[in-house]
Amino acid sequence: MSMKSPWMPLLAGLVAIALIGCDPQTQNESSVPDPSPTSTLPSDPAETPTDGEEIITTTETPPSEEEQVTPVTIYRSDSQCLEHVAEEVEVPAKNPIESAVGEVIKDLDSVEFDIVAYQVNVNSDSGIATIDMQIDPDSQRQFVSLSSCENFALFGSLDKTLTENEQWNIREVAFTTQGEEIIF
């Protein structure tokens, strides 16, 4: 039986093409995956993955404007209402003054006295900030019923927080409730 068949050269050609296509040195460069611009190789040999381990590299995106924070100093009353104690906190960079006021107020709310809303307006020409606060209508106590210690803790802490952060250029703080000056 003779092996000379018209199909033999075709079969030999297909085998040759298959073998050449599997040779890594002859692969077309377009078939090699393009490395990701965010992937990195470990520079430290200790970071090289061993069998069964995987190193995952992520790229951090910068925080959005709403997520950016800035450090500010707020002031709280000590337990005996004798002095204000500085505390550095991070607040949203988008509205640091309002956020700092909120940080001071949040610890002063109680069951009997609850500030439910506040607004801060700063007149950059005069350097005067006005904080308008609203108490829960169902609160048992009003601003006029605060003790001297509570006044020190609320109004003194807010005043010191706004005037001591020099970057805000606030010289004086006024307090109102629904537009009316608070007398304490």
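What counts as what
- Residues numbered from 1 in each chain as written.
- Predicted model: local features only at pLDDT ≥ 70, side-chain atom pairs only at ≥ 80, totals over all residues.
- Heavy atoms only, no water.
- Buried < 20%, exposed > 50% of the residue type's maximum accessible area, 1.4 Å probe, protein only.
- Helix = DSSP H or I, 4+ residues; strand = E, 2+ residues; numbered from the N terminus.
- Contact = heavy atoms within 4.5 Å.
- Pairing = 2+ DSSP bridges.
- Axes fitted to C-alpha atoms, helices over the stretch in contact; angles between N-to-C directions.
- Core = buried A, V, L, I, M, F, W, Y, C linked by side-chain atoms within 4.5 Å.

### Regarding helix α2 (residues 96-106)
Piece 1. Burial of α2 is extensive: 9 of the 11 residues sit out of reach of the surface.
Piece 2. The set of residues buried in α2 consists of Pro-96, Ile-97, Ser-99, Ala-100, Val-101, Gly-102, Glu-103, Val-104 and Ile-105.
Piece 3. Those residues of α2 hidden inside the fold are in contact with β1 (69-77), β2 (84-92), β3 (115-123), β4 (128-135) and α3 (148-164).

### Focus on the environment of Phe-184
Piece 1. By the element assignment, Phe-184 lies in the segment after β6 (180-181).
Piece 2. Sequence separation between Phe-184 and Leu-146 is 38 residues; the distance between their C-alpha atoms is 8.2 Å.
Piece 3. Here Phe-184 is in contact with Asn-151, Phe-155 and Phe-175, once residues within four sequence places are set aside.

### What to know about the sheet that holds β4
Piece 1. Pairing is mixed across the open sheet formed by 4 strands, whose spatial order is β3-β4-β5-β6. The open sheet terminates on both sides in strands that have one partner only, identified here as β3 and β6.
Piece 2. Most of the contacts of α2 go to β3, to which it runs at about 145°, and overall it touches β3 and β4.
Piece 3. Sitting on the sheet, α3 touches β3, β4 and β5 (172-177), and the angle it makes with β5 is about 135°.

### Looking at the nonpolar core
Piece 1. Core analysis: the largest hydrophobic core is formed by 27 residues, its most contacted members being Ile-131, Met-133, Phe-143, Leu-154, Leu-158 and Leu-162.
Piece 2. Those elements giving two or more residues to this core turn out to be β1, β2, α2, β3, β4, α3 and β5.
Piece 3. Per-element accounting of this core gives the leading share, 5 residues, to α2.

### A word on unusual backbone geometry
Leaving glycine aside, a negative phi is the common case for residues, and trans is the common case for peptide bonds.
Piece 1. Even without being a glycine, Cys-81 presents a positive backbone phi close to 55°.
Piece 2. Residue placement: Cys-81 occurs in the loop between β1 and β2.
Piece 3. Phi is positive for Gln-178, which is not a glycine, with a value near 50°.
Piece 4. Looking at where Gln-178 falls in the secondary structure, it is placed in the loop between β5 and β6.
Piece 5. For Gln-178, a relative accessible area of 63% gives the class exposed.

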